[in-house]
Amino acid sequence: MKQMIKLGLILALYAAASCFCLSLVNMVTSPVIAGHANEALKAGLKEVFSEAQKFSDPLDSTLYTAGANAKIDNVYQALDGSGNVIGVVIEFDGKTYDHARMIAGFRNDKDLTITGVKFLELSDSPGFGQRAQDPKEILKGCGKTFYGQFEGKKASEGFVLGNTYEAISGATITSTSVGKLLEQAAFTAGEVLGSSSIKAPAKVRSTPFTEAEALSEIFGENTVNTVAAPAGCEKAFTASDSSGVTGAAVIVSGKSFNDKATLLIAVNKDSIIAGVRVLYLNDTPGLGQKALEESFYSQFTGKKADTDFTKSGTYDAIASATITSNSLAQLIKTGAELALQTVSQAQ
Amino acid sequence: MNKNLSIFTNGLIKENPLLILNIGLCSSLAVTTSVFNGIGMGFGMMFVLVMSELIISIFRKLIPDAIRLPIFIIVIAAFTTIIQLLLEAYMPSLSKALGVFLPLIVVNCIIMGRVESFASKNSPLSSVIDAFGMGFGYTWVLVVISLIRELLGSGSFFGLKLIPEDYTIAFFSRAPGGFFVFGLLIAVTAAIKKSAQKKEGSVK
């Protein structure tokens, strides 16, 4: 016993001596290492806001509200040679298909013009979402990289996929969610710069809608009336304003992967899908359940209502959730047909 | 002097850790994709080996036999962390290139092997010379492997592009290529050893 204690103490002595030497080395090297990390960050900041001469230290987090859809990590003021604030760079992270951490620069003008966007980390799927940060991936529409396309855009115009910015083909969820993250960053930039041109982004939801929520989100101010449901759907509605019927919606159910799925599909009178919302879904979390996320269902808005969604290429399915995607596509096709019927009957 | 010289050359050729003793192989295969990495790893490992053999040789009479292995590990781990911190601060590009294999120096069998079989039984001077011999022996084999793999796999030598990318053989930059080149070197070593033995046999 005594021998064991003696050995234990000797071991402890060696350990203590090692730790002491290590801490000496650490004291000398840690400021140098921190300096490197700082330089890398400064280089990144200059990349997204090249006009700035220098950047402030991170601002006190009490100066802006916590993000709803993205976590605001740091806010740096971009300063010119005389120390005036010419813009801000927001460092933020949040959910994309998996996760992303980015920096975005916003100029201090009335539209909060974007000076640059850069990914610091992106863990989405290689070959799909990962292309968002690929400098070699040039988008067909605008001829720029995905992250490069935002330079010069006005943050006040919002981030609407397919409208104010271009998606990566085959990576709708990543493309939509990056827009949501940028929306949050733009709002924070507006807060810090004292601009009111950006309104607070609504929290991105990933839970089922109620009938009332879905109808009010899609049809907004229009009056909604319940009408006789055509065969094949559970309920039908028409939406109208002072000029007459503007659109219709139906609720349809069908079999999905685990259980049934219930969707609300709305079309407008020009035979364009006004919106799709999930009212009930009980498939695999992380796979089929991703259909609850706005980045999935929002892709149908604006598509022609007579599109045969059972054909491949008409929409972006959820990767590795083929059965759920196919079931929902079938339901949306059926629902859109019935909604078109309802609209034409009402007019 | 002669004794010390023979200790030094022992590590270089006769008891080369990689080719003859066949220890410390994992890191040698992983970091030899470029000559810069090979040299960097060689010197990093040599630093830990020299310092560990020195300290353990100095304290060899004060290390109780029953707990010698934990103490060896404490010393080796401490020096591995020290070289890690020094590289991260003063040579960050090398530290990034070596990546996880820098902290893995602590489990490099060469260091544990030499500390146990040599440093714990010999004088500090002999131990340091042995460490340098083993370290250079490890480094020169690493450089030869990296030369071949970098030239054939990436078409460059120490960063200088020599062969256009279309003619490079990616196989050599991957793990199987590492094994392949290493196997060739062992075969060459075995052939040299055999002919040396034959010569000795015929002289006798």
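Residues numbered from 1 in each chain as written. Chains lettered and ligands numbered in written order. Predicted model: local features only at pLDDT ≥ 70, side-chain atom pairs only at ≥ 80, totals over all residues. Heavy atoms only, no water.

### A look at the interface of chain B and chain A
One widely used convention gives an interface's size as the accessible area the parts lose upon coming together.
Piece 1. On the chain A side, the residues contacting the 18 residues of chain B number 14 residues.
Piece 2. In this assembly, chain B packs against chain A so that about 1500 Å² is buried in total across both faces, 83% of it on carbon and sulfur atoms.
Piece 3. If you look at where chain B meets chain A, you find 0 salt bridges.
Piece 4. Here chain B and chain A share 2 residue pairs in polar contact (both at pLDDT 80 or more) between them.
Piece 5. Here the side of chain B that touches chain A takes 11 residues from helix H4 (residues 68-90) of chain B, the largest share from any one element.
Piece 6. Looking at side-chain class alone, the side of chain B that touches chain A contains 16 nonpolar, 1 polar and 1 charged residues. (Contact = heavy atoms within 4.5 Å. Buried area = accessible area lost by both parts, 1.4 Å probe. Salt bridge = Lys/Arg side-chain N within 4 Å of Asp/Glu carboxyl O. Polar contact = N/O pair within 3.5 Å; in protein donor to acceptor, adjacent residues only side chain to side chain. Helix = DSSP H or I, 4+ residues; strand = E, 2+ residues; numbered from the N terminus. Nonpolar A, V, L, I, M, F, W, Y, C, P; charged D, E, K, R; others polar.)

### Brief notes about the pattern of salt bridges
All names here are of chain A.
Piece 1. Across all of its chains, the model carries 15 salt bridges over all chains by this definition.
Piece 2. The salt bridge partner of Asp 111 is Lys 110, with a shortest N-O separation of 3.3 Å.
Piece 3. Of the residues examined, Lys 110 reaches a relative accessible area of 68% and is grouped as exposed.
Piece 4. Salt-bridge contacts for Lys 333 lead to Asp 308; the nearest nitrogen and oxygen are separated by 3.6 Å. Note that Lys 333 is positioned in helix H5 (residues 322-346) and Asp 308 in the loop between helix H4 (294-297) and H5, a separation of 25 residues in sequence.
Piece 5. You can call Lys 333 partly exposed: its relative accessible area is 22%.
Piece 6. For Asp 308, a relative accessible area of 22% corresponds to the partly exposed category.
Piece 7. Through salt bridges with shared partners, one network takes in Glu 91, Arg 101 and Glu 121. (Buried < 20%, exposed > 50% of the residue type's maximum accessible area, 1.4 Å probe, protein only.)

### Structural notes on the sheet that holds strand S5 (residues 114-122) of chain A
Residues and elements named next belong to chain A.
Piece 1. Read across the sheet, 5 strands follow the order S1-S2-S3-S4-S5 without closing on themselves; strand pairing throughout is antiparallel. Of all strands in the sheet, those with a lone pairing partner are strand S1 (54-55) and S5, marking the two edges.
Piece 2. In terms of strand pairing, S1 meets strand S2 (residues 71-79) through 2 bridges, oriented antiparallel. Each bridged residue has a counterpart across the sheet, and for Lys 54 the counterpart in S2 is Leu 79.
Piece 3. In the packing of helix H1 (residues 2-48) onto the sheet, contacts are made with S1, S2, strand S3 (85-95), strand S4 (99-107) and S5, and the angle to S5 comes to roughly 140°.
Piece 4. Most of the contacts of helix H2 (residues 172-193) go to S3, to which it runs at about 140°, and overall it touches S2, S3, S4 and S5. (Pairing = 2+ DSSP bridges. Axes fitted to C-alpha atoms, helices over the stretch in contact; angles between N-to-C directions.)

### Quick word on the packing of aromatic side chains
All names here are of chain A.
Piece 1. The tally for this structure, following the rule as stated, stands at 18 aromatic pairs over all chains.
Piece 2. Ring plane angle 70° and centroid distance 6.4 Å describe the contact between Phe 146 and Tyr 165, whose orientation is recorded as edge-to-face. Remark: Tyr 165 occurs in the loop between S5 and H2 and Phe 146 occurs in the loop between S5 and H2; sequence separation between them is 19 residues.
Piece 3. The class for Phe 146 is buried, based on a relative accessible area of 0%.
Piece 4. Overall, Tyr 165 belongs to the buried group, its relative accessible area being 4%.
Piece 5. For the pair Phe 209 and Tyr 297, a centre-to-centre distance of 5.6 Å together with 80° between the ring planes defines the contact as edge-to-face. You can see Phe 209 sitting in the loop between H2 and helix H3 (211-219) and its partner Tyr 297 sitting in helix H4, a full 88 residues away along the chain. (Phe/Tyr/Trp six-rings, centres within 6.5 Å; stacked < 30°, edge-to-face > 60°.)

### Some points on the environment of Phe72(B)
Residue and element names in this part refer to chain B.
Piece 1. Along the chain, Phe 72 falls in helix H4.
Piece 2. C-alpha separation for the pair Phe 72 and Glu 116, spaced 44 residues apart in sequence, amounts to 8.1 Å.
Piece 3. Setting aside residues up to four positions removed in sequence, Phe 72 forms contacts with Ile 56, Ile 63, Met 112, Val 115, Glu 116 and Ser 120.

### Details of the sheet that holds strand S9 (residues 260-268) of chain A
All names here are of chain A.
Piece 1. Across the sheet, which stays open at both edges, the 5 strands sit in the order S6-S7-S8-S9-S10 with antiparallel pairing between neighbours. At either margin of the open sheet sits one strand with a lone partner, and together these are strand S6 (223-227) and strand S10 (273-280). Each strand axis lies, on average, 20° off the axis of its neighbour in the sheet, ignoring direction.
Piece 2. Strand direction decides the pairing type here: strand S7 (residues 235-241) and strand S8 (residues 244-255), joined by 7 bridges, are antiparallel. Of the residues in S8, the one forming a bridge with Ala 239 is Gly 247.
Piece 3. In the packing of H3 onto the sheet, the strands contacted are S6, S7, S8, S9 and S10, and the crossing angle to S10 comes to about 165°.

### Re the packing of helix H3 (residues 35-58) of chain B against H4(B)
All names here are of chain B.
Piece 1. It is at 9 Å that the axes of H3 and H4 come closest, and there the two elements cross at 140°. Taken together, H3 and H4 sit at an angle that is classed as oblique. Both H3 and H4 take part in a crossing whose hand is right-handed. Every residue of H4 that contacts H3 at Gly 44, Phe 47, Val 48, Met 51, Ser 52, Ile 55 and Ile 56 is listed here: Phe 72, Val 75, Ile 76, Phe 79, Thr 80, Ile 82 and Ile 83.
Piece 2. Here the contact of H3 with H4 is built from residues that sort into 11 nonpolar, 3 polar and no charged. (Parallel < 35°, antiparallel > 145°, perpendicular 65-115°, else oblique. Left-handed = near helix turned anticlockwise from the far one by under 90°.)

### Some remarks on the environment of Leu79(A)
Residue and element names in this part refer to chain A.
Piece 1. By secondary structure assignment, the location of Leu 79 is in strand S2.
Piece 2. Separated by 28 residues in sequence, Leu 79 and Glu 51 have C-alpha atoms that sit 8.7 Å apart.
Piece 3. Among all residues touching Leu 79, those that are not within four sequence positions of it are Ala 52, Gln 53, Lys 54, Phe 55, Ser 56, Asn 84, Val 85 and Ile 86.

These results come straight from atomic positions and should not be treated as a statement about function.
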